[in-house]
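Results of the structural survey
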Amino acid sequence: MKALSLLLLAACGADRTAGDPGNGDEALASCDAIAFAELAIPCRVQVAAAAAGRGDEALAERACAGIPEGPWVGECHFRIGEEMARAANLEGAVRHCGRAGVFARSCFTHAASLLAPSEQAPTEPVAVVEGIVGNLVRVDALLAEAGNVDRVEARDGMAARLWFNAYYGTGRADPAAARLAPPDLSSFAATAYALEAVRLLFPETDPLPTDAVERVRASWRGDVPPPTGGPLANDLRVGRYHTPFPVPGESSQARIPVFGGGVRLAGADPEEDLDIAILEALFFRTATPSDAFVPWLDDPRERVRWTAIRLFRRSRPEALNLEEVLKQLTSSADPVLRWHAHNALDELHPPPDRKHRGRPTRPAGPGAPVGPGVPDPPPAPQR
Amino acid sequence: MILLLLCLSACDGPRDCERIRDEVMREDCRFERASALFGADSRAFYAALEAIPSPESRDLVRLRLAIRDPGAAQGLCREVETASAQEKCRQVLGRPHLSTAPRAHDPHPPAGTPVPASPGPPR
């Protein structure tokens with residue numbers, strides 16, 4: 001036997017049996033036939049992921065169980081967690097992410113980004129809320145059994161996604177369910193409602209009206225009928241997001257996770273929280289220019305201003321001169337706005353020492369990615 | 001395993017692995033020789049790797065090391081020579097968190113020391 005054939009032998013059974021769901025045990029057997037123990041490990045991970053995607057948790061378990069102790073055991077459960085999330089299996093995803101060891105945090109973040117909406121999800125507002133609350137009770141119970149996991153962060157990620165799935169892309173932005181959300185879920189609910197309301201009211205191809213925030217507020221209050229429109233396929237339920245970055249002064253503020261691994265500030269009261277949610281939703285709408293956030297930079301409420309400056313500097317300008325606005329903000333009375341302005345100007349014109357190093361202070365400038373994909377975990381949110 | 005241990009105790013260097021007639025045991029011998037040097041003596045590791053006569057066998061060593069120690073995968077995978085190994089490497093490199101796992105097989109860096117991705121070729 002030549003070494004080449006040994007390498008080829010290492011081709012995993014999960015590859016060979018792709019598209020043949022009945023052959024799961026054969027795939028696992030082909031991993032066992034690999035002559036070198038190390039090469040059998042990724043093979044087993046592939047078999048586990050493929051099995052989880054087909055709903056064959058027992059085979060997925062057996063595949064992981066044959067991996068020697070170490071990081072690949074965690075990776076194996078991580079892949080199962082991801083695939084179960086893709087298959088809308090919330091409890092399975094949480095259970096396996098809880099067993100992902102050192103990768104548990106990443107697993108929960110990925111699973112929360114990937115969790116598909118359930119096909120049997122209710123649409124009646126009370127049932128929507130009861131469904132989400134019930135799911136979170138089960139998540140809490142599973143997290144209580146998990147190992148070394150930040151349970152609050154993991155639960156909040158799932159809560160954000162469950163509300164996202166209840167609204168975004170459904171073609172209905174009836175605020176009734178979000179308004180019924182219990183207090184600990186109200187920010188998640190408002191975010192999700194705002195995302196769908198913005199999508200339905202302001203299509204990407206249309207110019208954004210200057211009264212966009214007020215129109216979403218009016219819909220929330222019930223002054224106008226709830227926006228409706230065409231639903232989106234699950235794989236198209238994506239939008240613009242930016243990688244979270246630490247901002248001095250914000251670290252002690254209450255924040256919640258949002259789409260794409262990001263976080264947003266929670267408002268001090270429901271009205272303020274809704275306005276922050278709407279601004280975040282406008283950013284999620286890829287076509288929204290920086291200009292839309294300018295009126296909110298001098299809002300009397302600090303969390304609204306701080307949200308606006310963060311989204312302003314992460315968007316592309318349309319008519320305004322972004323650099324001019326940033327320069328004006330360097331003399332703002334608000335130290336957080338001043339910090340953002342200086343930091344953003346540094347990004348536009350890196351100081352010479354940083355140019356030489358070629359490393360920005362943080363990733364992603366204006367024109368942030370459209371996602372969510374499978375992000376890294378955000379800084380730990382605080383409630 | 002017993003045969004391999006006997007071989008390892010009897011052999012002095014990577015060239016002795018070439019005397020082993022069984023293909024799998026010969027690859028195991030090459031791997032054990034190289035992996036003992038990996039992370040400990042970069043120059044000797046690369047010498048052992050270069051002494052392995054075929055690119056497929058050299059890649060087998062690199063792949064096995066990369067899977068055993070995903071933190072070193074980036075450097076090892078950068079040097080693979082065959083398309084088959086490149087494909088296998090993608091499964092490790094495509095999961096960047098793997099490289100953040102504690103390194104169980106490298107006793108040399110003290111706790112908390114930043115770990116290089118790979119020893120890199122000797123200069």
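Residues numbered from 1 in each chain as written. Chains lettered and ligands numbered in written order. Predicted model: local features only at pLDDT ≥ 70, side-chain atom pairs only at ≥ 80, totals over all residues. Heavy atoms only, no water.

Turning our attention to the packing of aromatic side chains. Tallied over the full model, the rule gives eight aromatic pairs over all chains. With centroids separated by 5.1 Å and ring planes inclined at 35°, the aromatic side chains of A:F164 and A:Y168 adopt a geometry described as tilted. Ring plane angle 80° and centroid distance 6.0 Å describe the contact between A:Y167 and A:Y193, whose orientation is recorded as edge-to-face. A residue pair is termed long-range when its members are at least 10 positions apart, and A:Y167 in helix α10 (residues 151-167) and A:Y193 in helix α12 (residues 186-201) qualify at 26 residues. As far as the burial class goes, A:Y167 and A:Y193 line up, both buried. Among the aromatic residues, ring-to-ring pairing joins A:W163, A:Y167, A:Y193 and A:W220 into one connected group. The ring of A:F283 has A:R240 lying over it, and the distance from NZ or CZ to the ring centre is 4.2 Å. Of note, B:R95 hangs over the ring of A:F78, and the distance from its end group to the ring centre comes to 4.5 Å. (Phe/Tyr/Trp six-rings, centres within 6.5 Å; stacked < 30°, edge-to-face > 60°. Helix = DSSP H or I, 4+ residues; strand = E, 2+ residues; numbered from the N terminus. Buried < 20%, exposed > 50% of the residue type's maximum accessible area, 1.4 Å probe, protein only. Lys NZ or Arg CZ within 6 Å of the ring centre and 35° of its normal.)

Turning our attention to helix α4 (residues 37-54) of chain A. Over its 18 residues, α4(A) extends 26 Å from the first C-alpha to the last, a length consistent with the 26 Å expected when each residue adds 1.5 Å. Directly after α4(A), the chain includes A:G55, whose backbone phi takes a positive value near 85°. (Expected span 1.5 Å × (residues − 1).)

Moving on, we get to the interface of chain B and chain A. In this complex, chain B contributes 26 residues to the contact, which on the side of chain A involves 25 residues. Each partner contributes to the roughly 2,200 Å² buried at the junction of chain B and chain A, and carbon and sulfur atoms together form 69% of this total. Of all residues in chain B, the largest losses of buried area upon contact with chain A belong to B:I67, B:Q91 and B:R95, amounting jointly to 26% of the total for that side. Connecting chain B to chain A are four salt bridges. (Contact = heavy atoms within 4.5 Å. Buried area = accessible area lost by both parts, 1.4 Å probe. Salt bridge = Lys/Arg side-chain N within 4 Å of Asp/Glu carboxyl O.)

Residues and elements named next belong to chain A. Ranked by internal contacts, the top residues of the largest apolar core, which has 133 residues, are F108, W163, Y193, L279 and L282. For this core, the leading source of residues is α12, giving ten residues. Excluding residues within four positions of it along the chain, L279 makes contact with V213, F293, W296, V304, T307, A308 and L311. (Core = buried A, V, L, I, M, F, W, Y, C linked by side-chain atoms within 4.5 Å.)

Next up on the list: the pattern of salt bridges. Overall, the coordinates contain 38 salt bridges over all chains when judged by the stated rule. A salt bridge links A:R303 to A:E272, with the shortest nitrogen-to-oxygen separation between them at 3.4 Å. Highlighted residues: A:R303 in helix α15 (residues 302-313) and A:E272 in helix α14 (residues 270-284), separated in sequence by 31 residues. Here B:E81 ties to B:R58 by a salt bridge, and the two come within 2.8 Å at their closest N and O atoms. Remark: B:R58 occurs in helix α5 (residues 55-68) and B:E81 occurs in the loop between α6 (73-78) and α7 (83-93); sequence separation between them is 23 residues. Taking relative accessible area as the criterion, B:E81 reaches 38% and is therefore assigned partly exposed. Residues joined in a network through salt bridges with shared partners are A:E214, A:R217, A:R221, A:D223, A:D275, A:D299 and A:R301.

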